[in-house]
Amino acid sequence: MNYLKGEFKCLTNMDDSKPTSSPEGPVDPSLVSEDGKNVKAVLCQRCGSKVLCPGMAVFAEKELFLPSMRKKTSIGQSDGTLDGDTLMAHWLVDDMYTFENVGFTKDVGKVKYLICADCEIGPIGWHCLDDKKSFYVALDRVNHE
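Quick look at the structure, then. In this text, all values refer to a predicted model and were calculated from it rather than measured experimentally.

### What to know about the side chain of asparagine 38
No. 1: By the secondary structure assignment, asparagine 38 is in the loop between strand E4 (25-26) and strand E5 (42-44).
No. 2: Asparagine 38 sits in the buried class, given a relative accessible area of 2%.
No. 3: Side-chain polar atoms of asparagine 38 contact the backbone oxygen of cysteine 53, separated by 3.0 Å.
No. 4: Within polar-contact distance, the side chain of asparagine 38 engages the backbone nitrogen of methionine 56 at 2.9 Å.
No. 5: In this structure, asparagine 38 is in contact with Leu31, Cys53, Pro54, Gly55, Met56, Ala57 and Trp91, ignoring residues within four places of it in sequence.

Shown next as structure tokens:
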């Protein structure tokens, strides 16, 4: 399988290695097809709204920091400390119109966070404004069905 790897930058490099785990734990092989795409639909953990249809995203390993899950109005607000998680396992989408149901926060520096468009919980993913073709959805922030 082909996986994508990268740093906390907007650039992503292809790599033919075969990692099967992330800091969150092993990646469930039933979620990833032979060609590295999502086998199951990607759903919001809170309301069950469909974020992505099967086969529309590629598994990618990229170290990204996502703030703790909360309503959209409080994602960009902070008292100087930011509570969250550094996650490695993501679904990578190269076109924002591929999503079934996703919203975006206001710019937070050079980043927009992805949220559920129905219930506005998030962030479920990350998008760097410098890279127009990389939208990451964290596997740990969504359900699969």
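### Considering the nonpolar core
No. 1: The biggest cluster of nonpolar side chains holds 19 residues, and the ones touching the most others in it are Leu52, Trp91 and Phe99.
No. 2: Those elements that place two or more of their residues in this core are strand E6 (50-52), strand E9 (84-93) and strand E14 (135-138).
No. 3: Take this core: its biggest share by element is 3 residues, from E9.

### Description of the sheet that holds E6
Hydrogen bonding along the main chain pairs the strands of a sheet, whether they run parallel or antiparallel.
No. 1: Ordered by their spatial adjacency, 3 strands build an open sheet running E6-E5-E15, and the pairing between neighbours is antiparallel. The sheet is open, and its two borders are formed by E6 and strand E15 (142-144), each paired with just one other strand. The mean angle between the axes of side-by-side strands here comes to 45°, regardless of whether they run parallel or antiparallel.

### What to know about the pattern of salt bridges
No. 1: On inspection of all chains with the given rule, the structure shows 3 salt bridges.
No. 2: Residue arginine 141 is joined to aspartate 85 by a salt bridge in which the shortest nitrogen-to-oxygen separation is 3.0 Å. One end of the pair, arginine 141, is in the loop between E14 and E15; the other, aspartate 85, is in strand E9, with 56 residues separating them in the sequence.
No. 3: In this structure, aspartate 130 and lysine 110 form a salt bridge, with 3.3 Å as the shortest nitrogen-oxygen distance. Of the two residues, aspartate 130 sits in the loop between strand E13 (125-128) and E14 while lysine 110 sits in the loop between strand E10 (103-104) and strand E11 (111-115), which places them 20 residues apart along the sequence.

### Thoughts on the side chain of histidine 90
No. 1: By the element assignment, histidine 90 lies in strand E9.
No. 2: Reaching out from histidine 90, the side chain makes a polar contact with the backbone oxygen of lysine 62 at a distance of 3.0 Å.
No. 3: Within the structure, the side chain of histidine 90 is placed 3.2 Å from the backbone oxygen of leucine 87, a separation counted as a polar contact.
No. 4: Ignoring anything within four residues of it in the chain, the contact list for histidine 90 reads Val58, Phe59, Ala60, Lys62, Leu64, Tyr136, Val137, Ala138 and Leu139.

### Re the packing of aromatic side chains
No. 1: Following the criterion strictly, the structure yields 4 aromatic pairs and no others.
No. 2: Note on phenylalanine 59 and tryptophan 91: the rings are 6.1 Å apart at their centroids and 80° apart in plane angle, and the pair reads as edge-to-face. With phenylalanine 59 in strand E7 (residues 58-67) and tryptophan 91 in strand E9, this pair connects stretches of sequence that are 32 residues apart.
No. 3: Relative accessible area serves as the criterion here: at 1%, phenylalanine 59 is assigned to the buried category.
No. 4: Residue tryptophan 91 is classed as buried on the basis of its relative accessible area, which comes to 0%.
No. 5: Look at phenylalanine 104 and phenylalanine 135: their rings are 6.0 Å apart centre to centre, the planes differ by 65°, and that puts the pair in the edge-to-face class. With phenylalanine 104 in strand E10 and phenylalanine 135 in strand E14, this residue pair connects regions lying 31 residues apart in the sequence.

About the cut-offs
- Residues numbered from 1 in each chain as written.
- Predicted model: local features only at pLDDT ≥ 70, side-chain atom pairs only at ≥ 80, totals over all residues.
- Heavy atoms only, no water.
- Helix = DSSP H or I, 4+ residues; strand = E, 2+ residues; numbered from the N terminus.
- Buried < 20%, exposed > 50% of the residue type's maximum accessible area, 1.4 Å probe, protein only.
- Polar contact = N/O pair within 3.5 Å; in protein donor to acceptor, adjacent residues only side chain to side chain.
- Contact = heavy atoms within 4.5 Å.
- Core = buried A, V, L, I, M, F, W, Y, C linked by side-chain atoms within 4.5 Å.
- Pairing = 2+ DSSP bridges.
- Axes fitted to C-alpha atoms, helices over the stretch in contact; angles between N-to-C directions.
- Salt bridge = Lys/Arg side-chain N within 4 Å of Asp/Glu carboxyl O.
- Phe/Tyr/Trp six-rings, centres within 6.5 Å; stacked < 30°, edge-to-face > 60°.

So, to be careful, I would describe these as geometric facts and stop short of saying anything about function.
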